[in-house]
Amino acid sequence: MYEPLYKTLYRIRRVEEEIARIYPTDKLKSPVHLSIGQEAVAAAMCAPLRREDIVFGTYRSHATYLAKGGNLPGMLAEMYGKATGCTQGKGGSMHLIDLDAGVMGASAVVGTTIANAVGYAYSVKLRRECTIVMSFFGDGASEEGVFAESLNFAVLKKLPIIFVCENNGYAIHTHQSKRQGLPDICAKARAAGLPAELIEDNDILTMHERATATINSLREGTASGPAFFECKTYRWKEHVGPGEDFKLGFRTKTEAQPWIEGDQVKRVAALVPAAARKEIESAVEAEIQEAIAFAENSPFPDVSELMTDVFHTVSTPAAIQKAA
Amino acid sequence: MYEPLYKTLYRIRRVEEEIARIYPTDKLKSPVHLSIGQEAVAAAMCAPLRREDIVFGTYRSHATYLAKGGNLPGMLAEMYGKATGCTQGKGGSMHLIDLDAGVMGASAVVGTTIANAVGYAYSVKLRRECTIVMSFFGDGASEEGVFAESLNFAVLKKLPIIFVCENNGYAIHTHQSKRQGLPDICAKARAAGLPAELIEDNDILTMHERATATINSLREGTASGPAFFECKTYRWKEHVGPGEDFKLGFRTKTEAQPWIEGDQVKRVAALVPAAARKEIESAVEAEIQEAIAFAENSPFPDVSELMTDVFHTVSTPAAIQKAA
Amino acid sequence: METTLCIDQYTSNKSCSIGAAVSSAKPERTLSYVDAVREATDQEMDRDSSVILFGLDVDDPKAIQGTTRGLVEKYGSERVFGTPLSEDAMTGVAIGAALAGLRPIHVHIRMDFLMLSMNQLVNVAAKSSYMYGGKVKVPLVVRSMIGKSWGQGAQHSQGLYSFFMHVPGIKVVAPSNPYDAKGCLIAAIRDDNPVMYVEHRILHFQKGPCPEKLYTVNPGKARITSPGEDVTLVGISYMQLECLRAQKYLEDVGISAEVIDPIWLAPLDVDTIAESVRKTGRLVVVDNGWTSCGASAEIVAQVTERLQGVRDIRVQRLGFAPVTCPTSPPLEAEFYPDSRRIAQACNDLVHGKPQNWHPAERPELKDL
Amino acid sequence: METTLCIDQYTSNKSCSIGAAVSSAKPERTLSYVDAVREATDQEMDRDSSVILFGLDVDDPKAIQGTTRGLVEKYGSERVFGTPLSEDAMTGVAIGAALAGLRPIHVHIRMDFLMLSMNQLVNVAAKSSYMYGGKVKVPLVVRSMIGKSWGQGAQHSQGLYSFFMHVPGIKVVAPSNPYDAKGCLIAAIRDDNPVMYVEHRILHFQKGPCPEKLYTVNPGKARITSPGEDVTLVGISYMQLECLRAQKYLEDVGISAEVIDPIWLAPLDVDTIAESVRKTGRLVVVDNGWTSCGASAEIVAQVTERLQGVRDIRVQRLGFAPVTCPTSPPLEAEFYPDSRRIAQACNDLVHGKPQNWHPAERPELKDL
Ligand SMILES: Cc1ncc(C[n+]2csc(CCOP(=O)(O)OP(=O)(O)O)c2C)c(N)n1
Ligand SMILES: Cc1ncc(C[n+]2csc(CCOP(=O)(O)OP(=O)(O)O)c2C)c(N)n1
Ligand SMILES: [Mg+2]
Ligand SMILES: [Mg+2]
């Protein structure tokens, strides 16, 4: 179990470190919202999911995308604005999607995908599919009205969805306590009627164990309806961009210290036998260098692409064949 | 104490009965959302308020408007679409306002005035005024995102506002249990950080006592910040219009029975000495007939009025005189 | 049941009346707009199990003016359901369900309430196909109703469809009769893109020919509802009715108006309108909304662009008065364009200067 | 401090440059757009204690590109504060505070996020004065920023001001230089009605003359920013800059363009634009948004209505491509109008047919 977790963690961390390294070269054509320091949440929560399960994310979705098995070359090529990107250079870094991996997309407007995930879960339930939907969002998103509205509907219809609040304590530079009268997101979930669990310390093993239990009970039908996790974590880098932001003075390096010491990548690394670790690491490094090369060598989209994809052609076979 | 309460209750009940009586004559030029059966909430909650205190209501605001001391001829003339109406025939029955009485208006879009009331309370606090703001809304309004957002901000800024949810169990024809996964509105208020009280039985005396206590502690400063009341009550008439709606089959007369038997108008009447009661009743009847006559004899607005009031003239003296 | 897809037979033949068009299809059947909407929904839900219907009060006794009557009984409460008062999230839910392959119809009893759904509609529904490089589609239909009169007032009377004409990625349709109500709704449900389907509560009570079979009135085709020579009269949504009445008034002064119903506002059939104006030299657009940055502005601008250098034309826009909708009857009457004022405007335009003609009301036109 | 109200001295004198206008006011001072916005806010908050400033992150280290820098320190956290992520309620809060007599400035780092505020803006702010019979006023300023380039993409790039031009009861202004940024913001703050104040992030870095004293650039007055004879070039928001550059390119082919900045989009100064087109006979409107039902449609429609029968004119609209904004550089470059493509369009219009002129880039115009 440690090995796959470590592979996910290491892969996310290294991909983002590479992105941070390349960023200043102006080769990346997108803003980047790094999740360095927060990888454990996505890694733990997505591990028990199957490929056909669905996740919805945010502009800070590199971790979610990769943890769910999203295609790396497509992700990097997208950041380079290339035609081979996961949205062919149309969406950029804030709208990563990989349908084959069950990554249903991400939004740059905070909170929007929470409702979209609930709608997807409604379809799953209506069609009696065994898919599980997972919605990732931040602490700030819980302040948007759509959060309360979405939770209420998910409970009302007992939908197979797990809400995961990645609480890194900040919305850009503003601490949760400056934004929330009662800074207790689980309390709001419970008031909506959800079972809610707070995981305080970014502990990947606890998160993994709790996620596994919840997902299993949903699969086995011993639980029906939504569940809620609030996972406290910490963003090491600035809100957007490759650097740090401690110099801005809104938070201190001291505050960050315990989180950095508790780095889950290091922790899980220590639990993996050296040989296996080496193997994982060199495989990941190779994959990353390949993906970067792919992105750099890919062409930009042709300008004719500007006008495509606004609309799909009227009525698909899919819709018609259902007739009679 | 019973006498003023009775006067308020009787006045509201009779005004709305008259509206229901006149409605079929086509003289009223507005939809009417009657609160017959729900008068006790507005009567009890507004009684401890002062004239300079502020209430915000909804399209179902006859009771709130009258309980806060709103001008009756202006209200009826408005429903007749007359130039002497409280908005000169521009707003109609769903946008009653009387600034002299601290009635700051009402909206036909569910939930909107909750945020407006919070904003007003922000101004009160910023200016160190002793005004108290009261926001009235229904159980359905609590499902709108703006409800959660507004409560959070009111708690965050410790605003002098009292939220009053008039829970009549229905949004038009749909029961609360069909709309709310966990039909507990107080729980949502508490999760936002508000002290919340549920008053189950439409008991005007309990409501009055609790409202008085809360308002006093706000005035005396022993409490700071918002408070929340969920007052269960019952709508006797159809959602909009003068008739009943039991024949529609979404609710039964049996369900209504206990509420009708517990009629607070009758109840408080019995607590008032016969002579005093007679006096109140005949005074109210006279006032109503006068107001109806006023409305009927008032002129319609001149068509030239169509183009006025879209904008106020740029920069008022008020704004300028504050200079230097 | 009949499931052959049949394309509106006569948007091609632009100048024939709906009656004529349908009479080809055996004994002509008359239906109300409400029943046409209901039947289209019913037939599509029956044909395609991925179609679901929801929105505030769709399953209540009033059944959205009757347009959803009986559907919860027939298709069950999983495919037909009322919702909490949560327009923002429910729009997001509709989009998510569409992403999963369902074809949701989300109903709003008032178009005004769509202002709560703007974020999901403008930032998500309209953009998903493009910003995901065509990887996903959002086959969503949003039905909303415009109110009028009886003190509806400021917040229950708006026709805000121009917002959706502004944003790429959304289609907009505003059928004005039962035939189009059914054909456009079927087309909207089968469309793989978000479609704003705009109804007008006064149109709900209109009756008209409407075939029982399934057929589509497809995006991007306007209809000449009454041919003429002197002036082109474009009437949107309910204003189409007032324009047809105005056309009758104009006959009294010997003016022949060509009345056009754009039906679909996005994509907009400028060809048909411009072709008509090229013939008549005069364009009057009557909208059921405000003119500033409205549908009438777009139509006037496009026709002007098309015909500049081709023919010198005269144009005029009519719409809501540039104020908030009042409730008092005399003010409200002045707020809306009506057939007689439309006729006057056309008459003045044709004569090139204000005429002193104020047609007396012809009550018989009410049933038009 | 200086508190005399001084009205923009030269919207009356339409053809003089801002430099000239300001030089009258002692040694000319240069300020960035960001600092102009900051100074206007500071001076008005100092002058009028009822002015408050809030919105997501207005009090954070980045201080909304610097436009709110230092204000929380100077006026305290009751008059200057960041908010929860709750655009809908916070807009309602702003309206409620305005009803109570405050003059809130509500800031949004992206105009796209205003879609969450539409219900309060369209259904409450715009309507309160009218639907309450003039009994209340809503002196509210909503500042929002349009993004561009560097992969901003679908949801961080929209200029949606035409929505607010459509709805009566709201004013809209989109200043394109530091002088107007300050004067319009002061006018907006002092206005007793809701004003949408639209900024463009690229304009934020523009420097230009800007007097230290308080002055207003009032609603309903456009400015001729560069006089000309052959074609009238109206540039909105950031596109004003591209139009001024296009005007230079056009000089190379001997075409004299009269460039106009509408400044205020509602109320719109059609007089100035129509007067110019009456002279030039040609109108090109370049918008920083989509054309369909956009500001450019309204301007073209109004000018056409004004000049029909007066002069036969030629019109053209340029704006965002009718697609969602892409992130890949080559696609994004194609998405926006730019000075050279604007110049080409004008050249073609003047010659009445497509010319084969593609001006080579003139880098020095960057600093224009
Ligand atoms: C509706 C909306 N409002 C504001 C913004 C600007 N914004 C971008 S990220 C962000 C902070 C979000 O915080 P959180 O939800 O905690 O996510 P995090 O960035 O911490 O992962 C804000 C306010 C936005 N993108 N969308
Ligand atoms: C935003 C919005 N959505 C829907 C409606 C239609 N509508 C009018 S009243 C109502 C029910 C409101 O119920 P509640 O808040 O409980 O108030 P009540 O009518 O019971 O007093 C609805 C859904 C509306 N006016 N506004
Ligand atoms: Mg956060
Ligand atoms: Mg209710």
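Residues numbered from 1 in each chain as written. Chains lettered and ligands numbered in written order. Predicted model: local features only at pLDDT ≥ 70, side-chain atom pairs only at ≥ 80, totals over all residues. Heavy atoms only, no water.

Novice: Is there a simple way to explain the overall build of chain C in this structure?
Specialist: Of regular secondary structure, chain C possesses 13 helices and 16 strands. At 20 Å, chain C has a C-alpha radius of gyration in line with the 21 Å of a compact globule built from 368 residues. Of all 368 residues assigned to chain C, the portion counted as buried reaches 72%. Within chain C, residue pairs in contact and separated by at least 24 positions form 80% of the contacts whose partners lie at least 6 positions apart. Total accessible area computed for chain C in this model is approximately 9,800 Å², and 50% of it derives from carbon and sulfur atoms. Between the centroid of the 38 positive side chains of chain C and the centroid of its 43 negative side chains there is a distance of 2 Å. (Helix = DSSP H or I, 4+ residues; strand = E, 2+ residues; numbered from the N terminus. Rg over C-alpha atoms; globule rule 2.2 N^0.38 Å. Buried < 20%, exposed > 50% of the residue type's maximum accessible area, 1.4 Å probe, protein only. Contact = heavy atoms within 4.5 Å. Areas by Shrake-Rupley, 256 points an atom, 1.4 Å probe, with all protein chains shown as cover. Lys, Arg positive; Asp, Glu negative; His and termini not counted. Charge placed at Lys NZ, Arg CZ, Asp CG, Glu CD.)

Novice: For this particular structure, what's the right way to read the overall build of chain A?
Specialist: Scanning chain A for helices and strands turns up 12 helices and eight strands. A compact globule built from 324 residues would reach a C-alpha radius of gyration of about 20 Å, and chain A, at 20 Å, matches this within 12%. When the backbone C-alpha atoms are referred to their principal axes, chain A occupies close to 55 × 50 × 40 Å. For chain A, buried positions account for 63% of its 324 residues. Taking as baseline every contact in chain A between residues at least 6 positions apart, the subset at least 24 positions apart corresponds to 75%. With an accessible surface of roughly 11,100 Å², chain A has 56% of that area assigned to carbon and sulfur atoms. Charged side chains in chain A number 35 positive and 40 negative. The centres of these two groups are separated by 2 Å.

Novice: Hey, could you run me through the site of ligand 1 in this one?
Specialist: Around ligand 1, the structure places 20 residues, and the nearest of them are Tyr59(A), Ala108(A), Asp139(A), Asn168(A) and Glu87(D). Near ligand 1, the surrounding residues belong to chains A and D. A distance of 2.9 Å separates an oxygen atom of ligand 1 from a polar atom in the side chain of Arg60(A). A distance of 2.6 Å separates a nitrogen atom of ligand 1 from a polar side-chain atom of Glu87(D). In isolation ligand 1 exposes 580 Å². Once the protein is present, 95% of that is buried. The class makeup of the residues in the shell around ligand 1 is 12 nonpolar, four polar and four charged. (Near = heavy atom within 4 Å. Polar contact = N/O pair within 3.5 Å; in protein donor to acceptor, adjacent residues only side chain to side chain. Nonpolar A, V, L, I, M, F, W, Y, C, P; charged D, E, K, R; others polar.)

Novice: How do you make sense of the site of ligand 2 when you look at a structure like this?
Specialist: What surrounds ligand 2 is a group of 20 residues, the closest being Tyr59(B), Arg60(B), Asp139(B), Asn168(B) and Glu87(C). Flanking ligand 2 are residues from chains B and C. Residue Ala108(B) places a main-chain N or O atom 2.9 Å away from a nitrogen atom belonging to ligand 2. Val110(B) is positioned such that a nitrogen or oxygen atom in its backbone is 3.1 Å from a nitrogen atom of ligand 2. Per-class residue counts for the shell around ligand 2 are 12 nonpolar, four polar and four charged.

Novice: What is the right way to look at the packing of aromatic side chains in this model?
Specialist: How two aromatic rings sit relative to each other is set out by the distance from centre to centre and by the angle between their planes. Counted according to the given criterion, the structure contains 39 aromatic pairs over all chains. Geometrically, the ring pair formed by Tyr170(A) and Phe250(A) is edge-to-face, given 5.4 Å between the ring centres and 85 degrees between the ring planes. Placement of the pair is Tyr170(A) in strand S5 (residues 170-171) and Phe250(A) in the loop between strand S8 (227-232) and helix H9 (253-261), with a sequence separation of 80 residues. A relative accessible area of 18% means that Phe250(A) is categorised as buried. Positioned over the ring face of Tyr130(D) is Lys90(B), at 4.6 Å from the centre of the ring. Here Arg362(D) stacks its cationic end above the ring of Tyr249(D), 5.7 Å away from the centre of that ring. (Phe/Tyr/Trp six-rings, centres within 6.5 Å; stacked < 30°, edge-to-face > 60°. Lys NZ or Arg CZ within 6 Å of the ring centre and 35° of its normal.)

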